[in-house]
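Given next are the chains, with one letter for each unit.
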Amino acid sequence: MKVIVIGAGILGASTAYHLAKTGAEVLLIDRKDKGQATEVAAGIICPWISQRRNQAWYRLANAGARYYPKLIEALEKEGETDTGYARVGALSIHTDTEKINKMVERATNRLQDAPEIGEITKHDENHTHERFPLLADGYSSVHISGAARVDGRALRDALIRSAQRHGAVLIHGDAALEVQSNHVTGVTVDEDHYKADKVIVCAGAWAGQLFQPLGIELKVSYQKAQIMHVQVQESYQETGSWPVIIPPTDQYLLAFDHQKIVIGATHENDVEGYDTRITAGGMQEVLNKGITLAPELANSTFQEVRVGFRPFTPGFLPVIGTVSGWVNLITANGLGASGLTTGPFIGSQLAKLALELELDIDISDYDVRNAL
């Protein structure tokens, strides 16, 4: 079977990888637009303490978190040692002990259906600070041992390399869908034509442009994120094993090897066009919130700011499946801020959908028609 995957972010890379492993003939196409969500993202894999009440979202996020160890093990067996993934645990911090107790209760209630949560441990202020020495005073925490962090860029590259080892071909260019009546027959990239049995669109914030010529209006919006990388003093050792920090605000702190700390992120909704500028206001917001959490970051060395666009579909719930009214056309979109949690798993399901295999979840909750 010949399958074309458009978009080589975490979702497209995972889809191509899973297809190629089954022996499908895979062409992965990417336009390399600036602002791809995966290119800039550093993700926290810890959906179990979320207060989001949407059960369909939680089922998907939980399945995504559960899938990671299996995927990483498979990649490592193929020689991919730099996947960007590490199960370092998470500290969900708060100054209010009652809120801490509620988090423990929420995680404990979910433990039966999600043993991958691991151990749930309450930490007082001193122990919390020992776990993440940069933190401000006054925070207690819940430690979730099964939580992990992932570097989106590193994992995407590992998936693509593995897909290529299994025969997938990656090309860079501007793809357009080719159709005959209501059949999608392949794509055109610049002046080259490629035929396929199935075409899977994983183009995130840019997917609407691909569907427009077919008269399909895909309701995908996007949110701009600015994420800062800094480096702390060399006196801090073993930063790569520090847990991720989930504060009560919409920010986060991730520690990586070599004293690197990632401070994220802005959530900018009213952005005109694909504005990838690093703005003074965005940097100020990230720094103000980051330094409030960890005052010693004020003395860190600035490295870079990355800018990306998180794609959202209506109801902030992803859509996954075939495109109604069109033959051989499959898509997924709207992964939003949980793209790194859910993307690899959803990619595995898109591959199964293209190969007409039984899926691991019921995707009726994520009907593509919800975004059309």
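What you see is a predicted model; the values in this text were computed from it and never measured.

(A) Representation of the packing of aromatic side chains in the model. Under the defined criterion, the tally for this structure stands at ten aromatic pairs. On the basis of an interplanar angle of 15° and a centroid distance of 4.7 Å, the ring pair of Tyr-222 and Tyr-274 is categorised as stacked. Of this pair, Tyr-222 sits in strand 14 (residues 221-231) while Tyr-274 is found in the loop between strand 17 (260-264) and helix 8 (280-293), placing the two residues 52 residues apart along the sequence. Ring centres 5.2 Å apart and planes at 70° place the aromatic pair Tyr-222 and Phe-309 in the edge-to-face group. Of this pair, Tyr-222 sits in strand 14 while Phe-309 sits in strand 18 (residues 301-312); the two residues are 87 residues apart in sequence, bridging distant segments of the chain. What makes Phe-309 buried here is its relative accessible area of 1%.

(B) Structural detail: the sheet that holds strand 12 (residues 192-195). Spatial ordering of the open sheet is given by 10-11-12, a layout of three strands whose pairing is antiparallel. Two strands bound the open sheet, and with one partner strand each, they are strand 10 (175-180) and strand 12. Between one strand and the next, the sheet's axes are offset by a mean angle of 35°, whatever the strand orientation. Of the strand pairs in this sheet, strand 11 (residues 183-189) and strand 12 are connected by four bridges, and their pairing is antiparallel. Bridge pairing in strand 12 places Gly-186 opposite Lys-195.

Criteria and cut-off values
- Here the residue numbers are simple positions, counted from 1 along each chain's written sequence.
- Thresholds applied to this predicted model are a pLDDT of at least 70 for local features of residues and 80 or more for the giving and counting of side-chain atom pairs; totals over whole chains, interfaces and linings are not thresholded and use all residues.
- Excluding hydrogens and water, the side-chain values take into account all heavy atoms of the structure.
- Geometry of aromatic contacts follows a simple scheme: Phe, Tyr and Trp rings, the Trp one being its six-membered ring, pair when their centres are within 6.5 Å, and the pair is stacked under 30 degrees between planes, edge-to-face over 60, tilted otherwise.
- Helix and strand assignments come from DSSP, with helices taken as H or I runs of at least 4 residues and strands as E runs of at least 2, each series counted from the N terminus.
- Exposure categories follow from relative accessible area, calculated using a 1.4 Å probe and restricted to protein chains: below 20% of the type maximum is buried, above 50% is exposed, and the middle band is partly exposed.
- In this scheme, strands are said to pair when DSSP sees at least two bridges between them.
- Each axis is a line fitted through C-alpha atoms, taken for helices only over the stretch in contact, and angles between the N-to-C directions span 0 to 180 degrees.

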